[in-house]
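Residues per chain, in single letters:
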Amino acid sequence: LQEADYSTKPLVFFMHQVKPKPNARVFVTADGKPFMIGGESGKGRIICVTGMPFGDPAPGQVGFWEWFDWVYLMRNGILWAMRR
């Protein structure tokens, strides 16, 4: 997940408030709160993105859903979930 370039400071306007389980991994935070979480359930893995693609960024700002590296962040999360 470190491949993503956060220098553009993608914005999150709305996030579900969650409390990760003790064995969960928080991959990315937004304002100190879990944004992308991974965990295991049975023989599989799960990722959860708590941010919602809502909001109206001001000129010069970018919402996370329009952020260029969003696809890479999701790709890496999905690849993590697919590994055994």
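Scroll up to find the structure.
Parameters and conventions
- Residues numbered from 1 in each chain as written.
- Predicted model: local features only at pLDDT ≥ 70, side-chain atom pairs only at ≥ 80, totals over all residues.
- Heavy atoms only, no water.
- Salt bridge = Lys/Arg side-chain N within 4 Å of Asp/Glu carboxyl O.
- Buried < 20%, exposed > 50% of the residue type's maximum accessible area, 1.4 Å probe, protein only.
- Phe/Tyr/Trp six-rings, centres within 6.5 Å; stacked < 30°, edge-to-face > 60°.
- Helix = DSSP H or I, 4+ residues; strand = E, 2+ residues; numbered from the N terminus.
- Lys, Arg positive; Asp, Glu negative; His and termini not counted.
- Polar contact = N/O pair within 3.5 Å; in protein donor to acceptor, adjacent residues only side chain to side chain.
- Contact = heavy atoms within 4.5 Å.
- Pairing = 2+ DSSP bridges.
- Axes fitted to C-alpha atoms, helices over the stretch in contact; angles between N-to-C directions.

Colleague: What is the right way to look at the pattern of salt bridges in this model?
Modeller: Two side chains bearing opposite charge may form a pair once their charged atoms approach each other closely. Applying the stated rule across the entire model yields two salt bridges. The closest approach of N and O atoms between Lys-33 and Asp-31, which form a salt bridge, is 3.8 Å. Given a relative accessible area of 35%, Lys-33 falls into the partly exposed group. Measuring nitrogen to oxygen at the nearest pair gives 3.7 Å for the salt bridge that ties Glu-40 to Arg-45. Under the relative-accessibility criterion, Arg-45 is labelled partly exposed at 25%.

Colleague: Where do I start with the packing of aromatic side chains in this structure?
Modeller: Each pair of aromatic rings is reported with the distance of its centres and the angle of its planes. One pass over the structure, following the stated rule, counts nine aromatic pairs. With 5.3 Å between their ring centres and 90° between their planes, Phe-64 and Trp-65 make a pair best called edge-to-face. According to the relative accessible area criterion, Trp-65 is partly exposed, its value standing at 25%. Members of the aromatic cluster, each reached through a chain of ring pairs, are Phe-13, Phe-35, Phe-64, Trp-65 and Trp-70.

Colleague: Sorry, what's going on with the side chain of Asp-69 here?
Modeller: Here Asp-69 shows up in the loop between strand 5 (51-52) and helix 1 (70-82). Although buried, Asp-69 forms no salt bridge, and the nearest oppositely charged side chain, Arg-75, lies 8.6 Å from it. Polar side-chain contacts of Asp-69 include one of 2.5 Å to the backbone nitrogen of Asp-5. When residues no more than four places from it in sequence are discounted, the contact partners of Asp-69 are Glu-3, Ala-4 and Asp-5.

Colleague: Honestly, the sheet that holds strand 4 (residues 44-49) in this entry has me stumped. Any pointers?
Modeller: Backbone hydrogen bonds are what pair the strands of a sheet, in a parallel or an antiparallel way. Taken together, the three strands give an open sheet; going across it, the order is 2-3-4, and neighbouring strands pair in antiparallel fashion. Edge positions in the sheet fall to strand 2 (25-30) and strand 4, since each has one partner strand and no second. Between one strand and the next, the sheet's axes are offset by a mean angle of 15°, whatever the strand orientation. Alignment of strand 3 (residues 33-41) against strand 4, held across six bridges, turns out to be antiparallel. Bridging across to strand 4, Ile-37 finds its partner in Cys-48. In the packing of helix 1 onto the sheet, the strands contacted are strand 2, strand 3 and strand 4, and the crossing angle to strand 4 comes to about 155°.

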